[in-house]
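# Summary of structural features
Below are the chains, spelled out letter by letter.
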Amino acid sequence: MEETIFACQHEETPAELELAIPAHLLRDDLPLPNPSELEVLRHYTRLSQKNFSIDTNFYPLGSCTMKYNPRIAHEVATLPGFSRLHPATPAVAAQGLLRNLAELQGWLAELTGMAAVSLSPAAGAQGELAGVAMIRAYHQARGDTQRQRMLIPQAAHGTNPASARMAGFTVTELPNLPNGDLDLDALRAALGPDVAGIMLTNPSTLGVFERQIQEVAALVHGAGALLYYDGANLNAILGRVKPGEMGFDVMHLNLHKTFATPHGGGGPGSGAVAAASRLAPYLPVPRVVGEAGSYRWESHAERPESIGQLSAYAGNIGVLLRAHAYVRRLGHAGLRRVSAYAALNANYLMHGLRRQGYTVAFAERRATHEFIISVQDLHKASAVRALDVAKRLLDFGIHAPTIYFPQLVPECLLIEPTETESKASLDRFLEVMAQIRREALEEPELLRNAPHDLPVRRVDETLAARRLQVAE
C-alpha cells in the first residue's frame, strides 16, 4: 500500500523538467519575489483596503443606487442547493429554484402593475433592448411597419438612445422645461404615424417626478405609440407608484440596483422585463410557469411571438435569488420604507447643501431619491470645476457623486444617498461639502490638485485619453 502511495507521489527531477522544456525558453534571471504566506496575506489585504465600496465608504453615486445590500440575501443565494445546481438540471430536480423564480415573477408584476415578467435579461441595458425590441415586434405583428422612430427626452438615461438604435429605431430627442418636466408642446409636435414609442425614466435623471405622466401617456397612446419605462430610478417609488398605472406598456428593472445585489465594475446585473397584457406575448424566453403545484420552463415553441432568448439559460440566477430574498424579507411595508427613506435622505441633503450656498437645480421641486447641485458659481469665482469637487471628496473617504450628468445642468453633481445611510453619515457629508466650498473660494489649488491622500494622485485626463495604456 505504501509503495502505491509513494508511486503516485512521484515528482519529476529538475533534470527531467529541463528535458521537457525547450532550451531557448529556459531562463534563470526572472526577478520573481519569494514572499512568505504572511507577506502575501498582508499584501492582498492592504490592496482590498484601498478599494472604495459601500461596505467601507459613503457612496452617493447618483442614478446608480449604490446602497447597502443585506447579507441575508447573499446567504440565501449561495445556499448549496442553489449554487451547486447545474443550469441544465431537469425541471423535476430543480423545483425549489423554479418556485422561487416563479414567485419573483409574480411579485415584480405586482410591484410594477404589469401583467407578466421575464427574468432572463442579464443586464439593465439588455433589459432596455428587450423592451424596445418588444415594441418593434408588437408594431410589426400589426403590420404597422412604418413606425421606425423612438422619442427620448433629454433627461433620459444615456443607454436609452443606444438601445433604441440597436433595435433599429431612429431617435428624436425631446426637450425638458426649466422646471424639469417634459415639454408637452414638443411631444405633440414630434408625435406622428412613424413614432413607435417613447422611452422615459420617472423620476427622471433630473431627480424630479414627471408630474404630467398621465397626459404624456394619453398623447402617446392616442398617436398609436407605446411607452417604455426605464426602471433605473425605481428605488424612488418602490411600493408607492406602479409604472403600469402611469400608463407604461413595458419596462425593465435593475434588480442589481434596487433589489439587493452589490453592483459596479461591470456586473453582475439583471434587467428583468415587465410588460402590460398587450406586450406580454413578446417577452423573452425562458419564463417559469406553474402547473398543478409544479414548475417548469416555458419553451419558445409555446411562445411563438416571443422576441427570443437573450442570455444563456435563464440569466443571472444569483442576482434573481438575491432579489427574491430581499422582497420576501421586506414585504410590502418594508418596500414602502425603502422609497420613503430614499426620498427623506435626498431631501435632507439637498436642503442642507442649499443652506451652505450650493446651487440646487430645480430648487422649487421636491427631490425624489436624488438631486442635482451645480458648482458653476465656483467655476466662475475660482475656476474650480465639478471634477475638482469630486476628486477632493476622495480625500475624505467619500466616493464622488456622478458628475456632468445629466448634461442639461452645467458643472453638476448628481447625488443619491440611498435609504441605507444614517443621519450621522449624511451630516458628515454636509460638513465635508461645507469645507470643500470654503477651500474652493480660499484655496482653489487645493481642489485642483486633489486627491492628495490616495495611492493614485490626479491624472492628466487629456493625456490619458490620447495615450491610453491598458497593459504593459
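Residue positions are given per chain, counting from 1 as you read along its sequence in written order. Note on the predicted model: pLDDT of at least 70 is required for a residue's local features to be given, and 80 or more for side-chain atom pairs to be given and counted; whole-chain, interface and lining totals, by contrast, use all residues. Hydrogen atoms and water are omitted, and side-chain values are computed over all heavy atoms in the structure.

### Regarding the overall build of the protein
Secondary structure elements are taken from DSSP: a helix is a run of H or I of four residues or more, a strand is a run of E of two residues or more, and numbering for both begins at the N terminus. When its secondary structure is counted, the protein shows 18 helices and 13 strands. Taken over the C-alpha atoms alone, the protein extends approximately 85 × 70 × 45 Å along its principal axes. In this scheme, a residue with accessible area under 20% of its type's maximum is buried, one over 50% is exposed, and one in between is partly exposed, where area comes from a 1.4 Å probe on protein chains only. Taking all 472 residues of the protein together, the buried fraction comes to 49%. We call two residues in contact when some of their heavy atoms are within 4.5 Å. Considering only contacts in the protein between residues 6 or more positions apart, those separated by 24 or more positions represent 70%.

### Let's talk about the sheet that holds strand β5 (residues 226–231)
Strand order in this open sheet of seven strands is β1-β7-β6-β5-β4-β2-β3, and the pairing throughout is mixed. For this open sheet the edge positions go to β1 (116–118) and β3 (170–174), each flanked by a neighbour on one side alone. On average, adjacent strands in this sheet sit at an angle of 20° to one another, irrespective of strand direction. If DSSP finds at least two bridges between two strands, the strands pair. Looking at chain direction, β5 and strand β6 (residues 250–254) are connected through four bridges and run parallel. Looking at β6, one finds that tyrosine 228 is bridged to valine 250. A fitted line through C-alpha atoms serves as each axis, taken over the contacting stretch for helices, and the angle formed by two N-to-C directions is quoted from 0 to 180°. Relative to β5, helix α7 (residues 124–141) is tilted by about 170°, and along the sheet it contacts β2 (149–153), β4 (195–200), β5, β6 and β7 (271–275). Along the sheet face, helix α10 (residues 213–222) touches β4 and β5 and points at about 140° away from the line of β5.

### Considerations on the pattern of salt bridges
Any carboxyl oxygen of Asp or Glu that lies within 4 Å of a side-chain nitrogen of Lys or Arg is treated as forming a salt bridge with it. One pass over the full model with this rule turns up 23 salt bridges. The network of salt bridges with shared partners includes Arg99, Glu103 and Arg328.

### Here's the deal with the environment of leucine 441
Inspection of the secondary structure puts leucine 441 in helix α16 (residues 423–442). Spatially, the C-alpha atoms of leucine 441 and leucine 104 are 51 Å apart, while their sequence positions differ by 337 residues. Leave out the neighbours within four places in its chain, and leucine 441 touches Leu378 and Ala381.

### Remarks on the pairing of β2
In terms of burial, β2 is a largely internal element, five of the five residues being buried. Of the two faces of β2, the one holding Arg149, Leu151 and Pro153 and the one holding Met150 and Ile152 are both buried throughout. Across five bridges, the pairing between β2 and β3 is parallel. Directly across from arginine 149, in β3, lies its bridge partner threonine 170. Between the parallel elements β2 and β3, the chain passes through helix α8 (residues 159–166) in a crossover that is right-handed. For crossovers, right-handed means that the path from the first strand over the helix to the second runs clockwise, given strands pointing away from the viewer.

### Describing α8
Taken together, the buried positions of α8 are Asn160, Ser163 and Ala164. When α8 is viewed along its axis, its buried side chains cluster within an angular range of 100° and face the same direction. Away from the buried face of α8 by more than 90 degrees, exposed residues Arg165 and Met166 are located. For α8, the elements touching its buried residues are α7, β2, β3, β4 and β5. Phi turns positive, to about 100°, at glycine 168, one or two residues after α8. To obtain the arc, one takes the directions from the helix axis to the C-beta atoms.

That is the geometry; function is a separate question.
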